[in-house]
Amino acid sequence: MCRNIKPLFNFDPPATDAEIHDAALQFVRKLSGTTKPSKRNEAAFERAVSSIAACARELLDSLETSQPPRDREEEAAKARARNAVRFA
């Protein structure tokens with residue numbers, strides 16, 4: 001799985017459309033093996049990103065949990081701490 005795709009479920013505030021689009025873009029880039037498609041493939045690339053973003057939004061909106069929402073800042077601080085240990 002691409003390391004740049006972050007979990008988006010159960011956060012307060014919920015994931016934005018921009019975050020979901022960015023995750024879909026990373027996924028399509030990983031699948032296609034390219035970060036920028038050729039002009040010939042640009043339309044197909046963008047259709048895939050839009051389709052995956054829509055599916056991801058539908059998934060996130062339909063998931064349920066009994067856990068309290070996670071705090072974005074707290075999770076980001078944990079990630080920074082893990083990276084500091086990993087790359088120290």
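Residues numbered from 1 in each chain as written. Predicted model: local features only at pLDDT ≥ 70, side-chain atom pairs only at ≥ 80, totals over all residues. Heavy atoms only, no water.

- Per an unreviewed UniProt entry, the protein chain goes by the name DUF2277 domain-containing protein and belongs to Rhizobium lentis.

1. Some points on the overall build of the protein chain
Argument step 1. Helices and strands together make up the secondary structure of the protein chain, namely three helices and two strands.
Argument step 2. For the protein chain, the succession of helices and strands along the chain, N to C, is β-α-α-β-α.
Argument step 3. At 15 Å, the protein chain has a C-alpha radius of gyration far larger than the 12 Å of a compact globule built from 88 residues.
Argument step 4. Seen along its three principal axes, the alpha-carbon backbone of the protein chain occupies a region of about 45 × 40 × 20 Å.
Argument step 5. Counting contacts in the protein chain only where the partners sit at least 6 residues apart, residues at least 24 apart contribute 69% of the total.
Argument step 6. A total accessible area of about 6,900 Å² is found for the protein chain, and carbon and sulfur atoms account for 55% of it.
Argument step 7. Side chains of the protein chain give 15 positive and 13 negative charges; the mean places of these two sets differ by 11 Å. (Helix = DSSP H or I, 4+ residues; strand = E, 2+ residues; numbered from the N terminus. Rg over C-alpha atoms; globule rule 2.2 N^0.38 Å. Contact = heavy atoms within 4.5 Å. Areas by Shrake-Rupley, 256 points an atom, 1.4 Å probe, with all protein chains shown as cover. Lys, Arg positive; Asp, Glu negative; His and termini not counted. Charge placed at Lys NZ, Arg CZ, Asp CG, Glu CD.)

2. What to know about the nonpolar core
Argument step 1. Ranked by size, the top nonpolar core spans eleven residues in total: Leu8, Ala15, Ile20, Ala23, Ala24, Leu25, Val28, Phe45, Val49, Ala53 and Leu60.
Argument step 2. Those elements that place two or more of their residues in this core are helix H1 (17-32) and helix H2 (42-62).
Argument step 3. Per-element accounting of this core gives the leading share, five residues, to H1. (Core = buried A, V, L, I, M, F, W, Y, C linked by side-chain atoms within 4.5 Å. Buried < 20%, exposed > 50% of the residue type's maximum accessible area, 1.4 Å probe, protein only.)

3. Observations concerning the packing of H1 against H2
Argument step 1. The geometry of H1 relative to H2 is characterised by a closest axis approach of 8 Å and an angle of 130° between their N-to-C directions. In terms of orientation, H1 and H2 fall into the oblique class. Handedness of the H1/H2 crossing: right-handed. Between H1 and H2, the contacting residues are Asp17, Ile20, His21, Ala24, Leu25, Phe27, Val28, Arg29 and Ser32 on the first element and Phe45, Ala48, Val49, Ile52, Ala53, Ala56, Arg57 and Leu60 on the second.
Argument step 2. Classifying every residue of the contact of H1 with H2 by side-chain character gives twelve nonpolar, two polar and three charged. (Axes fitted to C-alpha atoms, helices over the stretch in contact; angles between N-to-C directions. Parallel < 35°, antiparallel > 145°, perpendicular 65-115°, else oblique. Left-handed = near helix turned anticlockwise from the far one by under 90°. Nonpolar A, V, L, I, M, F, W, Y, C, P; charged D, E, K, R; others polar.)

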